[in-house]
Amino acid sequence: MSLFWNKHVHALQPYIPGEQPRMTNLVKLNTNESPYGPSPRVLEAIAKSADDTLRLYPDPTALSLRQAIGASFNVPVECVFTGNGSDEVLAHAFRALFKDDAPILFSDVTYGFYPIYCQMFGLDYRSIALRDDFTIAPADYEGPSGGVIIANPNANTGISLPLSAIESLLQRFTEQTVIIDEAYVDFGGESAIALTQRYTNLLVVRTFSKSSGLAGLRVGYAIGSPELIDGLTRVKDSFNSYPLSRPALAGAEASIKDEAWLQQTTKRIIATRERTTQELAKRGFEVLPSSANFILAHHPTHAAQELFTSLRERAVIVRYQGSSARISDWLRITIGTDEEMNALLTALDAIMAD
Ligand SMILES: *Cc1c(COP(=O)(O)O)cnc(C)c1O
C-alpha cells in the first residue's frame, strides 16, 4: 500500500507466475515451457534482425507476421491480431470485447489471469464449476453474460473440450464475444479457428510460448472476424502502438513458417506425456487425461504440497497451486524431455520410499 498509488491499484491482486529460478541444473517443470525450444530458423531470423534497422520503430500493424499467420490458417489477414504474448492479447480482448452489463463466464478451474483481468477492467464474473471429473459442463454456461472465455485444452487440467460443445455455446451466446484460449491446442486439442469464419463473435487466442518454444520472445495472436479484430486494434493503438519488437516479429514469422519443427517437437512431447502418465499411474497417481504439454496429478496418500517441497529439495520444480481449492492436492507437471521426466520419476521414487 502506498499513499501515492491510484485507488484501483490497492485492490489489485496480481497473477503470480511460476517461479523462474536463477539456479542452473534444475529440472524445471513448472511453467509449461517447451524443452526443445524454437526452430533453428527462428534463431537465424532473430539474429538477422539485429542490425542497424533497430534504430527504427517496428511495423505497428505487424503486417508481415499477420499475413504469415493468416496464410498458415487459411484466414484473411484482416482476421488476425498480434500482441506481446497472448496475455496481452487476452487483456486487450477483455477490455475491447467483453461487456460490463452482465457477468463474464469461465470455469472455476482455469487460467488464473481471467479473474484478474475482470477485476482490472471492472467486469463482474461468474465462475462455473467443472464436473467432479474436472471436465467442463457446457450446459452450465447459461443466463445473462457479458462474454464467455474457455481455455481449450483447459489450463491446469489439460482436458480438452470437443468442437461440437464449443459450437453449441456459440449458438447459445450470440450477442457477446466467446473467447477460446488455445494456448495448448497443438498438443492434442481441436482448434476452433475454422469456426471463426462462420461465427463473427468467436475469438480464438493463441501463443508462440508453449508449442513453438518461444516463451521468452513474447508473441501471441488472435483470430476472429474483422469486427472483433478492429475492436482489439482500437484498444491496442490506445495503449502501445509497437507491442512487438523487430526481433519478435522476425522470430515469430520464421516460427509460423516452420511447420515441420512444430510437428516434430509436439509429437515428441505427446509421446513423453503418455509415457509419464503411465509411469505415474504405476506409482499410484491419479492423472487427468491431458491434451496439453503438462499433466495434473494427485496421489491418494502423498500430499501434493509435501511432494512439491520434497521434489524441490531434489532440484525438480513442478507447479503447486495451494490457493486454488479444487486443485490444492494436485501437482501440475510440465512435460519436459524423457531424461527430465526420468529425473522426476527417480526423485518421486526416492521420496515415496522414505
Ligand atoms: C501460458 C498461457 C497463456 C499466456 O501465454 P503468453 O503468450 O506467454 O502470454 C495464456 N493462456 C493460457 C491458458 C496459458 O496457459
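Residues numbered from 1 in each chain as written. Predicted model: local features only at pLDDT ≥ 70, side-chain atom pairs only at ≥ 80, totals over all residues. Heavy atoms only, no water.

Observations regarding the environment of Pro-14
Of note, Pro-14 is situated in the loop between helix 1 (7-11) and strand 1 (27-29). In sequence terms Pro-14 and Ile-179 are 165 residues apart; their C-alpha atoms lie 22 Å from each other. (Helix = DSSP H or I, 4+ residues; strand = E, 2+ residues; numbered from the N terminus.)

A short note on the sheet that holds strand 1
Overall, mixed pairing links the 5 strands, which are arranged 1-11-12-10-9 in an open sheet. Only two strands of the sheet have a single neighbouring strand rather than two, namely strand 1 and strand 9 (286-287). One ladder, built from 2 bridges, connects strand 11 (residues 316-320) with strand 12 (residues 331-334); its direction is antiparallel. Its bridge partner being in strand 12, Tyr-320 is matched across the sheet by Leu-331. Sheet contacts for helix 10 (residues 304-313): strand 11 and strand 12; angle to strand 11, the most-contacted strand, approximately 155°. (Pairing = 2+ DSSP bridges. Contact = heavy atoms within 4.5 Å. Axes fitted to C-alpha atoms, helices over the stretch in contact; angles between N-to-C directions.)

Side note on the sheet that holds strand 8 (residues 220-223)
On the basis of which strands lie adjacent, the open sheet formed by 7 strands has the order 2-8-7-6-5-3-4 and mixed pairing. Each of the sheet's edge strands pairs with one partner strand only, and the pair in question is strand 2 (80-83) and strand 4 (125-128). For this sheet, the mean angle separating the axes of adjacent strands, direction not counted, is 20°. Direction of pairing for strand 3 (residues 104-107) relative to strand 4: parallel, over a ladder of 4 bridges.

A short note on the nonpolar core
Ile-69, Tyr-141, Ile-150, Leu-202 and Phe-208 are the most contacted members of the largest nonpolar core, which totals 48 residues. Secondary structure elements with two or more residues in this core: helix 2 (40-49), helix 3 (63-73), strand 5 (147-151), helix 6 (163-172), strand 6 (178-181), strand 7 (202-207), strand 8 and helix 8 (246-257). Counting residues per element, this core draws most heavily on helix 8, which supplies 5 residues. Residue assignment places this core across two domains, with domain 1 (7-37 + 260-353) and domain 2 (40-258) each supplying three or more. (Core = buried A, V, L, I, M, F, W, Y, C linked by side-chain atoms within 4.5 Å. Buried < 20%, exposed > 50% of the residue type's maximum accessible area, 1.4 Å probe, protein only. Domains from an automatic or database assignment.)

What to know about the side chain of Asn-30
Its place among the elements puts Asn-30 in the loop between strand 1 and helix 2. According to the relative accessible area criterion, Asn-30 is buried, its value standing at 2%. At 2.8 Å, the side chain of Asn-30 forms a polar contact with the backbone oxygen of Glu-19. Non-local contacts of Asn-30, meaning those with residues more than four positions away in its chain, are made with Gly-18, Glu-19, Ile-317, Val-318, Arg-319, Arg-332 and Thr-334. (Polar contact = N/O pair within 3.5 Å; in protein donor to acceptor, adjacent residues only side chain to side chain.)

Don't take any of this as a statement about function, it's just geometry.
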